[in-house]
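One-letter residues, chain by chain:
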Amino acid sequence: MASFDQRELRNVLGSFVTGVTVVTTLDAEGRPVGVTANSFSSVSLEPPLILWSQALTARSFPAFRDSGRFIINILAEDQAHISQRFAKAGEDKFAGIAVREGIDRLPLIEGCTAYLECRKVATHPGGDHAVFLGEVERIELRDRKPLAFGGGRYMLAHAYDLGAFSIDKPSSGLQHVEAVRIANAALPELGQRLDAMLGLSVWGNRGPTVINWEPTRNAVTHDLHTGLVVSPVFSASGLTFAAHLPREMTCHHIQAELKMLHEAGMSNVPSLEHVEARLAEVRAHGLAHSVPERFGADIAAIGAPVFDHRGRIIFALTAIAPSSRIGEGYEGALQTALRQEAATLSQRLGHKVIV
Ligand SMILES: Cc1cc2nc3c(=O)[nH]c(=O)nc-3n(C[C@H](O)[C@H](O)[C@H](O)COP(=O)(O)O)c2cc1C
């Protein structure tokens, strides 16, 4: 007997991120039928075979069971509403949806990323589902990013930045690598101009991550580790990213941090409202201010955002200096200079300031 319940199985299966398709066909009366499915998978290249599976209880199952053909419409990133429409049993799912005719007049949904027009070659039993095997007869690929689905949510798929190891279409990844190279190369000069120790951070998979340090002659600390993941609510880098990144990218990290602090029994853990107010302040001043615990109470840090050509934050540039030099506010000489240097670096990366 299975050692898990259905919910646990769903959760595990949901962790496998997929694209989203709408499979279409015509019923016995020639009416269009469509259903949202992420069970689509490639099977064979020679002969070209694909599969998808359908619940035996689905209203549209008889139509797919009896039809000799189906079309896999691979949805584009702006078609989540179409996925929703075809995931609900409805009288006229196609109302208001732009379609055109494919082989044997089966409906293709306009605006998709790709299409596979298939002849059904086998139907296999699969527990409470039937597995349909299709031989691909015609394909079409459009220049549209696909919609993704995982953990029960729609997602946007972004090319993973493999940098030098990129195997396909390296240009999108190289832009980020190139930006890292430019920022790293600029750091020594920036450190000299600001006469302050600098940190360069990116938003990594575990949150704000320091990727480079620039020590100065009179460095305030020698505790310079790269790869350090810093707090999204207390560190200057973390606050800078949290203030400027889309909330859906940061909320999980912020909540996890606050929970961890609560569980560690820390007194004065800021509330979410308090953090939000702090982030609004960071945005308003274009600068984050913190007193990082790891450097001691007499050392402060300020962080400024560096934006890329798309206007998205790509780095947090942080200056670490004695508290006496940085002071409390947002308007000191170092603050102004750091903001300026971050803006100049943003421009070098192609960021255009709209005035
Ligand atoms: C993202 C997503 C993927 C889905 N994948 C499948 C699938 O692969 N097979 C399936 O039978 N149902 C799948 N469903 C559920 C069907 O779309 C849903 O049951 C739909 O109401 C069936 O339509 P029908 O009742 O008109 O046949 C999926 C739903 C969503 C939102």
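Since the model is a prediction, treat every value here as computed from it, not as a measurement. (Residues numbered from 1 in each chain as written. Predicted model: local features only at pLDDT ≥ 70, side-chain atom pairs only at ≥ 80, totals over all residues. Heavy atoms only, no water.)

(A) Representation of the packing of helix α5 (residues 236–244) against helix α7 (residues 272–285). Where α5 meets α7, the axes come as close as 9 Å, and the angle between the chain directions of the two elements is 85°. Relative to α7, the element α5 is oriented roughly perpendicular. Counting all contacts with α5, which are made through L239, T240, A242, A243 and H244, the residues of α7 involved are R278, L279, V282 and R283. Residues belonging to the contact of α5 with α7 are distributed by class as follows: five nonpolar, two polar and two charged. (Axes fitted to C-alpha atoms, helices over the stretch in contact; angles between N-to-C directions. Helix = DSSP H or I, 4+ residues; strand = E, 2+ residues; numbered from the N terminus. Parallel < 35°, antiparallel > 145°, perpendicular 65-115°, else oblique. Contact = heavy atoms within 4.5 Å. Nonpolar A, V, L, I, M, F, W, Y, C, P; charged D, E, K, R; others polar.)

(B) How the structure looks around the sheet that holds strand β5 (residues 49–55). Here seven strands make up an open sheet; going across it, the order is β3-β2-β6-β9-β10-β5-β4 and the pairing antiparallel. Only two strands of the sheet have a single partner each, and these edge strands are β3 (32–37) and β4 (41–44). Pairs of neighbouring strands in the sheet enclose a mean axial angle of 35°, with direction left out of account. (Pairing = 2+ DSSP bridges.)

(C) Fine view of the side chain of R69. Secondary-structure assignment places R69 in strand β6 (residues 69–74). Judged by relative accessible area, which is 11%, R69 ranks as buried. Here E137 takes part through its side chain, which lies 2.7 Å from a polar atom of the side chain of R69. Excluding anything up to four places from it in sequence, R69 contacts T25, I103, D104, L106, C118, R119, K120 and E137. (Buried < 20%, exposed > 50% of the residue type's maximum accessible area, 1.4 Å probe, protein only. Polar contact = N/O pair within 3.5 Å; in protein donor to acceptor, adjacent residues only side chain to side chain.)

(D) Expanded view of the site of the ligand. In the region of the ligand, 19 residues are neighbours, and S39, A55, S60, A87 and K93 sit closest. One of the backbone N or O atoms of N38 is found 3.0 Å from a nitrogen atom in the ligand. Coverage of the ligand by the protein amounts to 80% of the 640 Å² it exposes when considered alone. For the shell around the ligand, the secondary-structure elements that each account for two or more residues are β3 and β5. By residue class, the composition of the shell around the ligand is nine nonpolar, seven polar and three charged. (Near = heavy atom within 4 Å. Areas by Shrake-Rupley, 256 points an atom, 1.4 Å probe, with all protein chains shown as cover.)

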